[in-house]
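Descriptive analysis of the structure
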Amino acid sequence: MNKQLQKAQQGFTLIELMIVVAIIGILAAIAIPAYQDYTVKSKVSEGPSLASPALTAGGVACSEQTLTTNLTNTFFGLLPKEQITGNYVKSVEITAGSASTARVTIAYKTIGTSVQADQTVMYQGSCTPGKGMTWTVVPTGGSGSTVAQKYLPKS
C-alpha cells in the first residue's frame, strides 16, 4: 500500500508544466504593455499638477471678469511659460482668447517612445459669469492636444 501512495505523489507531468508556462506567458503579454501605458500616463499627469496654478488663475480672472484677448502668464501673475518645468514637462502657458475663454497648454519633454518632445495637453476654459470657469481637456486631433488620447488626463 505504501508503494501505491508514493507512486501517486510523483509531481507534475510535463504537459501540466507546459500549460502553466503558457498561462504565465499570456498574462505577461497582456500585463507588460498595460504597465508601460500606466507609467507613461503617470508621467503625463505631472503636467496638470504643474498647471494647477494657471487653472486657478484663469478661474480667478473669470470670477473678477478680467479676461480679455491676448493675455499670457505674466498677466495672471505666473512665471514665464519656460520657467514652469518639471521632470517631464517643458512648459505651461495660459492664454485668454476672449472674455469668456482661456486655454492652458502643457508642453512635454520626450517620455520614452510614447510622447515626443513638444507634444501638448490642452485645457479649454469656459467662463460663465456668476458660475465660474469650467475646464475640459481638449481631445487629441485638430488644434487640440497632441499627446495620444489614451494618455490624456480625465477632464
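Presented here is a report on the structure given in the accompanying data block. Numbering of residues starts from 1 in each chain and follows the order in which that chain's sequence is written. Local features in a predicted model are, by the rule used here, given only for residues with pLDDT of at least 70; side-chain atom pairs are given and counted only at 80 or more, and totals for whole chains, interfaces and linings are based on all residues. Hydrogens and water are ignored here; the side-chain numbers use all heavy atoms of the structure.

**Structural notes on helix α3 (residues 46–63)**
Given 3.6 residues per turn, any residue in an α-helix points the same way as the ones three and four places further on. Where helices and strands are cited, they refer to DSSP runs of H or I of at least four residues and of E of at least two residues respectively, numbered from the N terminus. The span expected for a helix works out to 1.5 Å for each residue beyond the first. A rise of 1.5 Å per residue sets the reference length of α3, with its 18 residues, at 26 Å; its end C-alpha atoms lie 27 Å apart and thus fit the reference within 8%. At S52, α3 is deflected by roughly 45°, the largest bend along its length, and proline P53 occurs up to four residues later in sequence. Among the structural elements, α2 (14–44), β1 (89–96), β2 (101–108), β3 (120–128) and β4 (132–137) are those in contact with the buried residues of α3. Phi for Q65, located one or two positions after α3, is positive at around 55°. What we call the bend at a residue is the angle made by axes fitted to the seven residues finishing there and the seven residues starting there. Residues count as neighbours in contact if any of their non-hydrogen atoms are within 4.5 Å of one another.

**Section: the sheet that holds β1**
Two strands pair if DSSP finds at least two bridges between them. Strand order in the open sheet formed by 4 strands is β1-β2-β3-β4, with antiparallel pairing between adjacent strands. Strands with a single pairing partner mark the edges of an open sheet, and in this sheet they are β1 and β4. Between one strand axis and the next, the sheet turns by 20° as a mean value, whatever way the strands run. Of the pairings in the sheet, the one linking β3 to β4 comprises 6 bridges and is antiparallel in character. Paired with Q124 across the strands is T136, a residue of β4. Only the contacting stretch of a helix is used when fitting its axis, a line to C-alpha atoms as for every element, and angles between N-to-C directions run 0 to 180 degrees.

**Quick notes on the nonpolar core**
Only buried Ala, Val, Leu, Ile, Met, Phe, Trp, Tyr and Cys residues count toward a nonpolar core, and they belong to the same one when joined by side-chain atoms within 4.5 Å. Relative accessibility decides the category of a residue: with a 1.4 Å probe and only protein chains considered, values under 20% of the type maximum give buried, values over 50% give exposed, and everything between is partly exposed. The biggest cluster of nonpolar side chains holds 32 residues, and the ones touching the most others in it are L67, F76, V104 and Y108. At the level of secondary structure, the elements contributing two or more residues to this core comprise α2, α3, β1, β2, β3 and β4.

**Focus: the pairing of β1**
Sheet topology note: the β1/β2 ladder contains 7 bridges and is antiparallel. From the neighbouring strand, S91 faces β2, where its bridge partner is A107. Where β1 hands over to β2, the hairpin turn is made up of 4 residues, counted between the paired strands.

**Remarks on unusual backbone geometry**
Although it is not a glycine, Q65 sits at a positive phi angle of roughly 55°. When you line up the elements, Q65 lands in the loop between α3 and β1. On the accessibility criterion, Q65 (60% relative accessible area) is exposed. Not every positive phi belongs to a glycine, and D118 is a case in point at roughly 75°. Examined against the element boundaries, D118 turns out to sit in the loop between β2 and β3.

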